[in-house]
Amino acid sequence: MSKRIKVIPCSGMGKVYGLVARESALKVVQELCPNEASTVCLAYIVTGDQEAKELIEGQKCITLDGCPAMCAAKNAELAGGIVAEKVRVIDSFRKHKGAQPGTATELTEEGWLIADEIAGEISEKVKLLSREG
Ligand code: SF4
């Protein structure tokens, strides 16, 4: 089974924060840490899909959530994942007061900058967790 760190964004379809979470996670698994990280679709986890459960049970996960409901963190834990970091997209926005990140379907340049910043922070965490074994 893959020991790669699971980076799991919430689905947050109606909110720009959800889009930022998804884009950040994709950047980590596709560009920054393709050998150390992979992702699992939250919808599969929530619906109890056996394959998704097997992928995260007992595995280190980093979740990204778009709002205080923390859907990714809660469901990764319910499925048996070891959630080592619970990233809240909203916390990153506190460092960018007044930012205009875009909409639920399209990020502005500012939105991409924030997504890239979050991805950079997560990739550092992925590398640390990978070294721990
Ligand atoms: S954490 Fe918030 S934004 Fe993300 S899926 Fe849940 S309710 Fe939607």
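Scroll up to find the structure.
Model, not experiment: these values are computed from the prediction.

Participant: Please provide a residue-by-residue account of the site of the ligand, values included.
Facilitator: In the vicinity of the ligand, the contacting residues are C10, S11, G12, K15, D65, G66, C67, A69, M70 and C71. Within the shell around the ligand, the residues separate by chemical class into five nonpolar, three polar and two charged.

Participant: Go over the nonpolar core with me, naming the residues and quoting the values.
Facilitator: Ranked by size, the top nonpolar core spans 25 residues in total, and within it V7, V20, V28, L64, I118, I122 and V126 carry the most contacts. At the level of elements, β1 (5–9), α1 (16–32), β3 (60–65), α5 (89–94) and α6 (109–132) are the ones that each hand at least two residues to this core. Residues contacting V7, with those up to four places away along its chain left out, are A25, V28, V29, A37, S38, T39, V40, I62, L64, I122 and V126.

Participant: For the environment of R131, give the residues involved together with the corresponding values.
Facilitator: Mapping R131 onto the fold places it in helix α6. A residue is classified by how much of its surface remains accessible, and R131, at 67% relative accessible area, is exposed.

Participant: I'd like a rundown of the sheet that holds β1, residues and numbers included.
Facilitator: The strand order across the open sheet built from four strands is β2-β1-β3-β4, with neighbouring strands paired in parallel fashion. Of all strands in the sheet, those with a lone pairing partner are β2 (37–38) and β4 (82–88), marking the two edges. Sheet topology note: the β1/β3 ladder contains four bridges and is parallel. Across the sheet, residue P9 finds its bridge partner in β3, namely L64. Lying over the sheet, α1 contacts β1, β2 and β3, oriented at roughly 160° with respect to β1.

Rules of the game
- Residues numbered from 1 in each chain as written.
- Predicted model: local features only at pLDDT ≥ 70, side-chain atom pairs only at ≥ 80, totals over all residues.
- Heavy atoms only, no water.
- Near = heavy atom within 4 Å.
- Nonpolar A, V, L, I, M, F, W, Y, C, P; charged D, E, K, R; others polar.
- Core = buried A, V, L, I, M, F, W, Y, C linked by side-chain atoms within 4.5 Å.
- Buried < 20%, exposed > 50% of the residue type's maximum accessible area, 1.4 Å probe, protein only.
- Helix = DSSP H or I, 4+ residues; strand = E, 2+ residues; numbered from the N terminus.
- Contact = heavy atoms within 4.5 Å.
- Pairing = 2+ DSSP bridges.
- Axes fitted to C-alpha atoms, helices over the stretch in contact; angles between N-to-C directions.

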